[in-house]
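# Survey of secondary and tertiary structure
For reference, the chains in residue letters:
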Amino acid sequence: LVTGGTGYLGRKVVQLACKWEVTYTWFRTPPDEGLRGQSRQIDLRDSKEVRHLLSDCHPDAIIHTACSDRHEAAIVPAAQNITDGAAQGAMRLVYVSTDMVLDGNLPPYYDEAPPCPVSSYGRAKAEVERLISDSVRSAAIVRTSLIFGVDPLDRQTRWLVDGLKTGRDVHLFSDEYRCPIWVNNLAAALLELADGHYSGLLNVVGTQSLNPGQFG
């Protein structure tokens with residue numbers, strides 16, 4: 001089961017999951033005809049809907065990619081329902097967290113670094129890390145960074161390209177460092193973790209530390 005299967009990362013996970021029988025969820029963005037697997041429209045904040053979904057497909061593994069920084073209010077309730085279902089059904093759970101659970105003051109950060117978020121998005125993701133760690137000790141919690149790709153372009157890169165095409169000034173900043181990761185690499189890592197036994201926190205990011213100006 002891939003939650004957020006029509007999102008930028010979730011869609012790539014579904015595309016690469018060739019050895020799996022895949023069910024994926026979507027909420028606002030319907031799937032295109034070329035996406036394999038069974039699709040289910042669902043509001044993951046609805047605990048009854050989530051229980052019905054998990055009972056119906058009873059997945060061997062759940063990769064929870066849904067709920068982005070544009071939908072912060074959904075992050076914790078959706079994850080709570082997925083976590084409860086995974087715990088009750090003894091399902092493998094891989095959760096996509098973020099490097100934004102960290103404040104950036106004391107890099108480099110090891111896998112087990114305690115969260116210290118400075119944004120509402122980071123705080124929500126840190127809360128999900130806590131509830132998953134408490135409820136599903138076998139889960140893998142993946143802290144990742146800026147996700148980019150070219151086919152199709154990710155949201156940030158598309159914004160940059162659109163600025164160049166239209167002659168619009170694009171302003172970037174230099175006081176934050178991230179480790180951008182190619183979407184294909186991250187999706188492949190999530191699938192490998194879904195098929196494995198690693199548990200706990202894991203940093204899965206690119207090899208270069210860049211500020212947004214350098215990345216742009």
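For the structure given in this document, a descriptive report is provided here.

Thresholds, definitions, all that
- Residues numbered from 1 in each chain as written.
- Predicted model: local features only at pLDDT ≥ 70, side-chain atom pairs only at ≥ 80, totals over all residues.
- Heavy atoms only, no water.
- Phe/Tyr/Trp six-rings, centres within 6.5 Å; stacked < 30°, edge-to-face > 60°.
- Helix = DSSP H or I, 4+ residues; strand = E, 2+ residues; numbered from the N terminus.
- Core = buried A, V, L, I, M, F, W, Y, C linked by side-chain atoms within 4.5 Å.
- Buried < 20%, exposed > 50% of the residue type's maximum accessible area, 1.4 Å probe, protein only.
- Expected span 1.5 Å × (residues − 1).
- Contact = heavy atoms within 4.5 Å.
- Polar contact = N/O pair within 3.5 Å; in protein donor to acceptor, adjacent residues only side chain to side chain.
- Salt bridge = Lys/Arg side-chain N within 4 Å of Asp/Glu carboxyl O.
- 1 Å grid on protein atoms, 1.4 Å probe; cavity = no way out; pocket = protein on both sides within 12 Å on 5 of 7 lines; lining within 4 Å.
- Points joined across faces, edges and corners; volume = space filled by probe spheres on them.
- Nonpolar A, V, L, I, M, F, W, Y, C, P; charged D, E, K, R; others polar.

### Digging into the packing of aromatic side chains
With the rule as written, the count across this model stands at 1 aromatic pair. Both rings, one in Phe-148 and one in Phe-215, keep their centres 5.6 Å apart while their planes meet at 65°; by these two values the pair is edge-to-face. Taken as a pair, Phe-148 in strand 7 (residues 147-148) and Phe-215 in helix 7 (residues 212-215) lie far apart in primary sequence, 67 residues in all.

### What to know about the nonpolar core
Judged by nonpolar contacts, the single largest core of 26 residues is most densely connected at Leu-44, Ile-62, Ile-75, Leu-93 and Ile-132. Within the second largest apolar cluster, 25 residues are counted, among which are Val-14, Ala-17, Val-142 and Leu-190.

### Remarks on unusual backbone geometry
Omega for the bond connecting Pro-107 with Pro-108 falls within 30 degrees of zero, at -5°, which places this linkage in the cis form. Structurally, the position occupied by Pro-108 is in the loop between strand 5 (92-98) and helix 4 (120-135). With an omega of 0°, the peptide bond between Asp-151 and Pro-152 qualifies as cis. By secondary structure assignment, the location of Pro-152 is in the loop between strand 7 and helix 5 (155-166). Positive phi, close to 35°, is recorded for His-58, a residue that is not glycine. His-58 gets classed as partly exposed once you look at its relative accessible area, which sits at 47%. Here Ala-90, not a glycine, exhibits a phi torsion of approximately 50°, which is positive. Tracing the backbone shows Ala-90 in the loop between helix 3 (75-89) and strand 5. Take Ala-90: its relative accessible area is 71%, and that puts it in the exposed class.

### A word on helix 4
For helix 4, with 16 residues, the first-to-last C-alpha span of 23 Å sits near the 22 Å given by 1.5 Å per residue. Contact partners of the buried residues in helix 4: helix 3, strand 5, strand 6 (140-144) and strand 9 (200-203).

### Digging into the environment of Asn-203
With respect to the secondary-structure elements, Asn-203 resides in strand 9. A relative accessible area of 27% places Asn-203 in the partly exposed class. For Asn-203, the residues in contact, after removing those within four places along its chain, are Tyr-109, Tyr-110, Asp-111 and Arg-143. Side-chain polar atoms of Asn-203 contact the backbone oxygen of Tyr-109, separated by 3.1 Å.

### A few points about the pattern of salt bridges
For the coordinates displayed, the defined rule picks out 9 salt bridges. Residue Arg-11 is joined to Asp-32 by a salt bridge in which the shortest nitrogen-to-oxygen separation is 2.4 Å. Here the residue Arg-11 occupies a position in helix 1 (residues 8-16), and Asp-32 occupies one in the loop between strand 2 (23-26) and strand 3 (38-41), the gap between them amounting to 21 residues. The exposure class assigned to Arg-11 is partly exposed, which follows from its relative accessible area of 23%. Of the charged contacts in the structure, one is a salt bridge between Arg-130 and Asp-134, with a shortest N-O distance of 3.0 Å. Highlighted residues: Arg-130 and Asp-134, both in helix 4, separated by 4 residues, approximately one helical turn.

### Concerning helix 6 (residues 183-194)
Its 12 residues place the ends of helix 6 17 Å apart at the C-alpha level, agreeing with the 16 Å of an ideal helix rising 1.5 Å per residue. Burial in helix 6 covers these residues: Val-183, Leu-186, Ala-187, Ala-189, Leu-190, Leu-191, Leu-193 and Ala-194.

### Some points on the layout of surface pockets
Its boundaries defined by the atoms lining it, the largest pocket holds a volume of some 1,400 Å³. Surrounding the largest pocket, 48 residues form its lining, Gly-7, Tyr-8, Thr-65, Ser-68 and Arg-70 being those nearest its centre. Within the residue set of the lining of the largest pocket, elements represented by two or more residues are helix 1, strand 2, strand 5, helix 4 and helix 5. A class-by-class count of the residues in the lining of the largest pocket yields 19 nonpolar, 16 polar and 13 charged. Estimates place the volume of the second largest pocket at around 550 Å³. Taken together, 19 residues make up the lining of the second largest pocket; nearest its centre are Asp-99, Gly-104, Tyr-109, Tyr-177 and Arg-178. Partitioned by chemical class, the residues of the lining of the second largest pocket number 9 nonpolar, 5 polar and 5 charged.

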